[in-house]
Structures are given as C-alpha cells and as structure tokens.
Amino acid sequence: SVDASFSNSLKTYLVEQVTESWQYMYGLLLGYVEKHGNSRVPFEFNIKNIRIGRWVSRQRLGKNSLSIDKINLFDLLPGWTWNILEDQWNKSFEYLKKFVQLKGHSRVNAREIFEKFELGSWVSQQRKERKKLSLKRIQLLENLPEWSWSPLEKQWLVGLDCLKMYIAEYGHTLVPKGLNYNSFNLGGWVRNKRRNKEKLDLEKIKTLESLPSWSWSITEDQWGRGFECLKKYVKKNGHTRVPRNNR
C-alpha cells in the first residue's frame, strides 16, 4: 500500500540521515584527537558551535545500543574509555604507585603534589570515601606498603611503641626535646601529646598517665629529670651533697 511504502521509505531515509550524522560527529571527534592527542573531550567542548563533548558523553551512556563497528571505532581512539570516573581513578592510583616506588611507603602528606598531581588530596579523599569504594579498590590500596585508613591512629601507635622501647631502656618517660629514637622523632611526639592533651580521648590520656614518670607539665618534667640525675648521683656517691659545679 501507499502508506506502507511511504513508511518504509521514511525509515530508510532516517537511518541514512542518522548514520551520516553519526559519521560527521565522529569525524569532528577525530579532528579533536588529531589536535589534542587524546579522545578525552570535555563535556562542554564545542567545535563550530556543535556540542561534540555532549555527543561523546551520549555515546558512552548509550554504548549498549551502538553497533560493534561503532564500538570498535571508539576503542581505536587514543585515551578512549567508556567509564571516565573509572579511568580517572586508575590514573590517580598510578601516581600513588609511582610515589610508593620512589619513597618505599604510602604515607602521603595531605598537601603532597606529585608530578604536578594533587596526590595528597586524592589519597585523603579515598580515606573519607572508604565506605563507597569497591572491594577491588580497597584491596588495591591496602596492598600498598604502610597503607593506613587512619594515619593519625597509626602514628599514635608507632609513637607509643617507640616510647615504651625508650622506657624499657631508660626506665622513664623524660624524653629530651627533639630526641630522635630508633629513627623516630620521639621528643617531638611526646611534646605534641603534652601540648594537645585536650584533643586526646580519655583512653589515650590514661595510657600515657600509666607510664613511669609521665608528666603533662614541662616544668614538672624538668624537675623530674633533675631528680633522676640526683638519684643517680646518690647511687654513685652515697649522699646528696652535690657540689655546685657538678654536671
């Protein structure tokens, strides 16, 4: 019938127009690739007032409706990815792995800029969004040397262990200011805990106060250090008559 014939002709015309339109847009994308060296087109990017960035985004979202030939054409493009967020995460993780290879650990400072990439900020974000991360990403991060989801808690444990070793050797917690002990700034750690007592939880406060000779007061600590010296003098000399110039 005339209606059926017209309908079939219209469908054929629309398919041809869509195909030609797709090829034209793909041609614009190739132009972008030639100029920029990759296919990561920003969403709002325009070419000749044509929103090529939005078109590229629609192709990603509609991948399941694309033909195999079209999918293959995209896959051939340099830097092409069907999942921008996944691609960005993987690239960021590569920076972290390079950092680890260079430093031997994953203790990234929050303000770390590595190869012009804000690595510290990215690592902090992963810790904050741990509950949103896939199991695969969590495992990748946890497999890195010295990775921690709570670096402050880990630093506390490292400092406390170091202080306990110091106590085992010297018998007290009167750590000199700025002392490096077993490659750890124990003097600075102890000083920081004293200055920030109000920020510590009750359990940490009790732990420190249970240690021999622990004091929250620097003045009291200095007195304690002097008294320790006096006890050593008494043990050696048998009396407390210390000469004024004795050191």
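**Describing the overall build of the protein**
So, step 1. Helices and strands together make up the secondary structure of the protein, namely 10 helices and two strands.
So, step 2. Here the protein, with 247 residues, has 32% of them falling under the buried criterion.
So, step 3. Surface summary for the protein: the accessible area is close to 17,300 Å², and the carbon and sulfur share equals 52%.

**As for helix α8 (residues 186-195)**
So, step 1. Taken residue by residue, α8 has L186, G187, W189, V190, K193 and R194 as its buried positions. Taken end-on, α8 shows its buried residues confined to a sector of 165°, consistent with a single buried face.

**Re helix α6 (residues 135-142)**
So, step 1. Among all positions of α6, only R137, I138 and L141 are buried. The buried residues of α6 all sit within an arc of 100° when viewed along its axis, so they share a single face. Across from the buried face of α6, at angles greater than 90 degrees, the exposed residues are L135 and K136.
So, step 2. Of the surrounding elements, those touching the buried residues of α6 are α4 (84-103) and α5 (119-128).

**Here we look at the packing of aromatic side chains**
So, step 1. Scanning the entire structure with this criterion turns up 18 aromatic pairs.
So, step 2. Note on W214 and W216: the rings are 5.3 Å apart at their centroids and 80° apart in plane angle, and the pair reads as edge-to-face.
So, step 3. Put simply, the rings of W22, Y26, W55, F74, W80 and W82 pair up and form one aromatic cluster.
So, step 4. Positioned over the ring face of W214 is R194, at 4.9 Å from the centre of the ring.

**Focus: the packing of helix α7 (residues 151-170) against helix α9 (residues 202-209)**
So, step 1. Running from amino to carboxyl end, α7 crosses α9 at an angle of 10°, the nearest separation of the two axes being 12 Å. When the axes of α7 and α9 are compared, the pair comes out roughly parallel. Touching E153, W156, L160 and L163 of α7 are K204, T207 and L208, all from α9.
So, step 2. When its residues are assigned to classes, the contact of α7 with α9 shows four nonpolar, one polar and two charged.

**With respect to the side chain of D87**
So, step 1. Checked against the element boundaries, D87 lands in helix α4.
So, step 2. Of note is the side chain of D87, whose polar atom sits 3.0 Å from the side chain of K91.
So, step 3. Not counting the four nearest positions on each side in its chain, D87 is found in contact with R40 and T81.

**A closer look at the side chain of K193**
So, step 1. Along the chain, K193 turns up in helix α8.
So, step 2. In this structure K193 is buried but unpaired, with E153 as the nearest side chain of opposite charge at 9.9 Å.
So, step 3. Beyond its immediate sequence surroundings of up to four residues, K193 is in contact with W156, L200, L208 and W216.

**Observations regarding the confidence of the model for the protein**
So, step 1. In this model, the protein carries a mean pLDDT of 86, and residues with pLDDT of at least 70 account for 89%.
So, step 2. Segment residues 9-18 is flagged for pLDDT under 50; beyond a separation of four residues in sequence, or across chains, it makes zero contacts in the model.

**A few points about the environment of S213**
So, step 1. Structurally, the position occupied by S213 is in the loop between α9 and α10 (218-237).
So, step 2. Along the primary structure S213 and G224 are separated by 11 residues, whereas in three dimensions their C-alpha atoms are 7.5 Å apart.
So, step 3. Each residue touching S213, except ones within four places of it in the same chain, is listed here: H172, T173, L174 and E228.

**Details of the pattern of salt bridges**
So, step 1. The full count for this structure, using the stated rule, is 10 salt bridges.
So, step 2. Linking R54 and E44 is a salt bridge whose minimum nitrogen-to-oxygen distance equals 3.0 Å. One end of the pair, R54, is in helix α2 (residues 52-61); the other, E44, is in the loop between α1 (2-36) and α2, and 10 residues separate them in sequence.
So, step 3. Taking the relative accessible area as the measure of exposure, R54 reaches 26% and is therefore partly exposed.
So, step 4. With a shortest N-O distance of 3.3 Å, D201 and K204 are connected by a salt bridge.
So, step 5. Residue classification places D201 among the partly exposed residues on the basis of a relative accessible area of 36%.
So, step 6. Through salt bridges with shared partners, a single ionic network connects E153, D201 and K204.

**Section: a nonpolar patch on the surface**
So, step 1. A surface patch of nonpolar side chains, about 440 Å² in accessible area, is lined by W223, F227, L230, V234 and V242.
So, step 2. Structurally, V234 can be placed in helix α10.
So, step 3. Residue classification places V234 among the partly exposed residues on the basis of a relative accessible area of 30%.

Thresholds, definitions, all that
- Residues numbered from 1 in each chain as written.
- Predicted model: local features only at pLDDT ≥ 70, side-chain atom pairs only at ≥ 80, totals over all residues.
- Heavy atoms only, no water.
- Helix = DSSP H or I, 4+ residues; strand = E, 2+ residues; numbered from the N terminus.
- Buried < 20%, exposed > 50% of the residue type's maximum accessible area, 1.4 Å probe, protein only.
- Areas by Shrake-Rupley, 256 points an atom, 1.4 Å probe, with all protein chains shown as cover.
- Arc of directions from axis to C-beta.
- Contact = heavy atoms within 4.5 Å.
- Phe/Tyr/Trp six-rings, centres within 6.5 Å; stacked < 30°, edge-to-face > 60°.
- Lys NZ or Arg CZ within 6 Å of the ring centre and 35° of its normal.
- Axes fitted to C-alpha atoms, helices over the stretch in contact; angles between N-to-C directions.
- Parallel < 35°, antiparallel > 145°, perpendicular 65-115°, else oblique.
- Nonpolar A, V, L, I, M, F, W, Y, C, P; charged D, E, K, R; others polar.
- Polar contact = N/O pair within 3.5 Å; in protein donor to acceptor, adjacent residues only side chain to side chain.
- Lys, Arg positive; Asp, Glu negative; His and termini not counted.
- Salt bridge = Lys/Arg side-chain N within 4 Å of Asp/Glu carboxyl O.
- pLDDT = per-residue confidence, 0-100.
- Patch = residues over 30% accessible without salt bridge, like charges linked within 9 Å, V, L, I, M, F, W, Y side chains within 5 Å.

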